[in-house]
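Residue-level structure breakdown
So the chains spell out like this:
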Amino acid sequence: MRPIDTGVLLLQCPDRKGVIAAVTTFVYEHGGNIVHADEHQDPDLSLYFLRLEWDLAEFTITTNDFATTFAPIAKAFDMMWRVARSSYRPKVAIFVSKAGHCLADLLFRHQIGELKCEIPLVISNHADLRKLTEFYGIPYHEIPIPSGAREEAEQTALDLLASERIDLVVLARYMQVLSDRFVDAYPNRMINVHHSFLPAFIGARPYHRSYERGVKLIGATSHYVTRVLDEGPIIEQDIVRITHRDSLPDVVRKGGDAERAVLTRAVRWHIENKIMVLGNKTVVFA
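These notes cover the structure that comes with them. Fair warning: this is a prediction, and the values are worked out from it, not measured in the lab. (Residues numbered from 1 in each chain as written. Predicted model: local features only at pLDDT ≥ 70, side-chain atom pairs only at ≥ 80, totals over all residues. Heavy atoms only, no water.)

1. So, the environment of Leu178
Here is the rule: Counting from the N terminus, the helices are the DSSP runs of H or I reaching at least four residues and the strands are the DSSP runs of E reaching at least two. In what follows, a contact means two residues having at least one pair of non-hydrogen atoms within 4.5 Å.
Relative to the helices and strands, Leu178 resides in the loop between strand 8 (168-171) and helix 6 (180-184). Spatially, the C-alpha atom of Leu178 lies 33 Å from that of Cys13, the residues being 165 residues apart in sequence. In contact with Leu178, not counting residues within four places along its chain, are Arg150, Glu154, Leu171, Val183 and Met190.

Here is the structure:
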């Protein structure tokens, strides 16, 4: 069966009576047939979250007119909201360095249709992953970062992203710290994978530090990138048990499995409009 084209509304507002009734009535009165509805109430903050999805086949409001038509309801309930179409395939750029396990998983899942997006380019500060990327027919841009030339390299990358109208940046083990200017260009639209169960072992060489500490659980974290290193809103995490029998290479290998999983899930949830950000936390309608 051909997938239906749906509208997706994500909103948050003060928790009060009548929100879901107002929104669902709005969709119904304009010809929409609701196919999914996920809601969450945060009692500590007195906030209400909603992800509503409906069939657009008979919906009478165009994407361009939605904001104007929905504005009175949004104002009445003091909503923060956004709307999207499931048929839109966002453009995703992947940044990598030398480790290719996360990149390989993303490219394969994109090829078989699990990630409903376009990947116009991969950017790297090394040449190591060119063959892997080009095997999937995706252009590979090597942008070296000589000492003292980070600003020029970042500008080259930003120009490429702008030319391709990129919606989401994915740091798939890109081992560079990005400037505030770069991060600010993609607020809540840049996802990183960190090879640690944050907030433990923030920063460089977390597997080595975990191994030296003798921990029994290691993990991986996908999160949105902010100006503060490894402290952006967490999207997904996973853990792997290790024992005294595991060598450092064993720890790295097992951790890599978790990295692939949490990054791919985070990217999929983002492009399917299932994530809402609240300060330094997320609500994920997975």
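2. Topic: the nonpolar core
To keep things clear, this is the line we draw: Here, nonpolar core refers to any group of buried Ala, Val, Leu, Ile, Met, Phe, Trp, Tyr and Cys residues whose side-chain atoms link them within 4.5 Å. Think of it in three bands: residues with accessible area under 20% of the maximum for their type are buried, residues over 50% are exposed, and the middle band is partly exposed, with areas taken using a 1.4 Å probe on protein chains only.
Of all hydrophobic cores here, the largest spans 35 residues; its most connected members are Val92, Ile94, Leu106, Val170, Leu263 and Val267. Elements with a contribution of two residues or more to this core: strand 5 (91-96), helix 3 (101-111), strand 6 (118-124), strand 8, strand 9 (190-194), strand 10 (217-224), strand 11 (234-241) and helix 8 (248-271). The greatest single-element share of this core, amounting to eight residues, is contributed by helix 8. Setting aside chain neighbours within four positions, we find Ile94 in contact with Leu103, Leu106, Leu107, Ile119, Leu121, Val122, Ile123, Val170 and Ala172.

3. So, the sheet that holds strand 3 (residues 47-55)
One key point about sheets: their strands pair by backbone hydrogen bonds, in either a parallel or an antiparallel sense. Filter applied, for reference: Note: two strands are recorded as paired if DSSP finds a minimum of 2 bridges between them. Interaxial angles span 0 to 180 degrees and are taken between N-to-C directions of axes, which are lines fitted to C-alpha atoms, for helices over the stretch in contact.
Here we have four strands laid out as an open sheet, ordered 2-3-1-4, and antiparallel in their pairing. Pairing within the sheet leaves two strands with one partner each, and these edge strands are strand 2 (33-42) and strand 4 (80-85). Averaged over all pairs of adjacent strands, the angle between their axes in this sheet comes to 10°, without regard to strand direction. Examined bridge by bridge, strand 1 (residues 6-14) and strand 4 share six bridges and lie antiparallel to one another.

4. Structural notes on the sheet that holds strand 8
In space, the seven strands of this open sheet follow the order 7-6-5-8-9-10-11, with mixed pairing throughout. Looking at strand neighbours, the two that pair on one side only are strand 7 (140-142) and strand 11, the edges of this open sheet. Here the strands of the sheet are splayed against their neighbours by 15° on average, with no regard to which way each runs. Where strand 5 meets strand 6, five bridges bridge the pair, whose relative direction is parallel. The partner of Lys91 across the bridge, within strand 6, is Glu118.

5. A closer look at the side chain of Gln12
Along the chain, the position of Gln12 falls in strand 1. Take Gln12: its relative accessible area is 10%, and that puts it in the buried class. Look past the residues within four positions of Gln12 in its chain and what remains in contact with it is Tyr48, Phe49, Asp78, Met79, Met80, Met276, Val277 and Leu278.

6. With respect to the packing of aromatic side chains
Defined as follows: Pairing of aromatic side chains requires ring centres within 6.5 Å, counting the rings of Phe and Tyr and the six-membered ring of Trp. Pairs whose planes differ by under 30 degrees are stacked, by over 60 edge-to-face, and all others tilted.
Following the criterion strictly, the structure yields 10 aromatic pairs and no others. When the centroid spacing of 5.7 Å and the interplanar angle of 85° are considered together, the rings of Phe26 and Phe66 count as edge-to-face. Pair noted here: Phe26 is in helix 1 (residues 19-29) and Phe66 is in helix 2 (residues 63-76), with a separation of 40 residues, a long-range link. Like Phe26, the residue Phe66 is buried in the burial classification.

7. Some words on unusual backbone geometry
The backbone phi angle of Arg173 is positive, close to 65°, even though this residue is not glycine. Mapped onto the fold, Arg173 is located in the loop between strand 8 and helix 6. Of note in the backbone geometry, Asn188 takes a positive phi value of approximately 55° without being a glycine. Tracing the sequence through the fold places Asn188 in the loop between helix 6 and strand 9.

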